[in-house]
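Read off the chains here:
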Amino acid sequence: MYSKMTKQKNDDTKTKLGDIYHYYVVLLYCLELEENETILVEKYGDISIISEKVSKNIEVKRHQDEHILSDRHLDFWKTIRNWVTYHQNMRDFKKLILYTTSTFGEKSNLKSWNSVKAYERLRILMEIGQEVKKAEEGFRPIYESIFKQDVENILTILEKVELYSNQTDIVDIEKKIMKNSFFKSIKKSERKPFINSLMGHILTLPVDKPHNWEISCEDFESLACEVRNRFTSTSGGLRLPPNTPDSPQDNEIFKDRKFVREIKDIKYDGKIPSAISNYWRTQQAIFYSSIDNPTFNLDLGEFQKDIRDSLIEFKTSFQDECDHTDPEDIIHKSKRLYDKAMEMQANDFYSVKPNRPFFQRGIIHKVVEERGFSWNVMKQ
């Protein structure tokens, strides 16, 4: 059916592949980070590596099929224009790299770029732009914009520029990443899920305030090692602080919480003390387990979603059985729903392991508290 559909003008799949390729390149450079180095994404261009040794600014260009980087191709000229225009921002970078899947043509003037000095590179640019052609609406304004800048600033930029052509495309770059020594301890069948976990974390970094897309060597190593342990280790990530009591000192501070009100609503007050105990111990375990464990909270969010989905399935079955006109039957079915939820088997979930009954019950109460679930079978 779908194969017969007409391709839409707003089909942006290939553009998104370019974005995904860009993030693969980010991951590739993350794996190469050295101590005290930091990657900035999309701040001064596609990728910036801040280093005490050699800071780099990298622009990533990808094309779907075989592609020639011609002398006037805008991938090259727009990149040069951006670097020259923001030359002050580029001052501390020792290398400015155009990272592209394109290759040079046999007669390309850019072919010798990496082997010549700044003045020769300037001459190459000027020669390319000397001839005025009929069809150059895209090229000419960019060329003129570059040469409006001070020549010393242009030369300073050109001295730093390196062209990394013919780079591996999206399928091969994933294979290249998998060959990194970091992956040797991981089964081949689990390397792709491992990469996906790393990518997911990298992509969500700017979501939280102050919305900085920064990855330090130390943070990446901590994340990567923790994710790797998920795929290679049977040791658990769920921990309670030492000497944690079974319940808080004062249950009264929880009496107005939504998860407590929901239990009262179905007239199941006898369950409140154990609910508070499980909820409180779970909160302590979450705090303690998430210290130096950046993937625990990521896994915990997915775990809560799964728990909520299971609760909704249970609730639907009790709604089908319930006499909606009988208040006593509504309360009875609501209590049965509560009991069935508390009897759910505590299964491990990635770094949420070894899962324990108190923790799973505490998570259930967190779902009620934070995710809008109600024990009353008549409430949505």
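Anything mentioned here points back to the structure above.
Residues numbered from 1 in each chain as written. Predicted model: local features only at pLDDT ≥ 70, side-chain atom pairs only at ≥ 80, totals over all residues. Heavy atoms only, no water.

**Thoughts on the sheet that holds strand β2 (residues 47-50)**
Strand order in this open sheet of six strands is β5-β4-β3-β2-β1-β6, and the pairing throughout is mixed. What marks the edges here is a single partner per strand, and that holds for β5 (161-164) and β6 (214-216). The average angle at which neighbouring strand axes cross in this sheet is 20°, direction not considered. Bridge count between strand β3 (residues 56-61) and strand β4 (residues 95-100): six bridges; the pairing is parallel. (Pairing = 2+ DSSP bridges. Helix = DSSP H or I, 4+ residues; strand = E, 2+ residues; numbered from the N terminus. Axes fitted to C-alpha atoms, helices over the stretch in contact; angles between N-to-C directions.)

**Considerations on the pairing of strand β1 (residues 38-41)**
Residues Thr38 and Leu40 point to one face of β1 and Ile39 and Val41 to the other, with burial holding for every one of them. Pairing between β1 and β2: four bridges, direction antiparallel. Each residue of the ladder has a partner; that of valine 41, found in β2, is isoleucine 47. Pairing geometry for β1 and β6, over three bridges, is antiparallel. Bridge pairing in β6 links leucine 40 to glutamate 214. (Buried < 20%, exposed > 50% of the residue type's maximum accessible area, 1.4 Å probe, protein only.)

**Overview of the pairing of β5**
Of the two faces of β5, the one holding Val161 and Leu163 is buried and the one holding Glu162 and Tyr164 is not buried anywhere. Here four bridges tie β4 to β5, and the two strands are oriented parallel to one another. Looking at β5, one finds that leucine 96 is bridged to valine 161.

**Topic: the packing of helix α9 (residues 258-265) against helix α13 (residues 357-370)**
Orientation of α9 relative to α13, taken along the N-to-C sense of each, is 95°, at an axis distance of 8 Å. Classified by the interaxial angle, the pair formed by α9 and α13 is roughly perpendicular. Residues Lys258, Phe259, Glu262 and Ile263 of α9 touch α13, and the partners they reach there are His365, Val368 and Glu369. A per-class count over the contact of α9 with α13 returns three nonpolar, one polar and three charged. (Parallel < 35°, antiparallel > 145°, perpendicular 65-115°, else oblique. Contact = heavy atoms within 4.5 Å. Nonpolar A, V, L, I, M, F, W, Y, C, P; charged D, E, K, R; others polar.)

**Quick notes on helix α5 (residues 151-160)**
The complete set of buried residues in α5 reads Ile154, Leu155, Ile157, Leu158 and Lys160. At its buried positions, α5 is contacted by α2 (74-85), β4, α3 (118-130), α4 (139-146) and β5. Capping the start of α5 is the job of one residue whose side-chain oxygen sits 2.9 Å from the backbone nitrogen of glutamate 152: aspartate 150. (Polar contact = N/O pair within 3.5 Å; in protein donor to acceptor, adjacent residues only side chain to side chain.)

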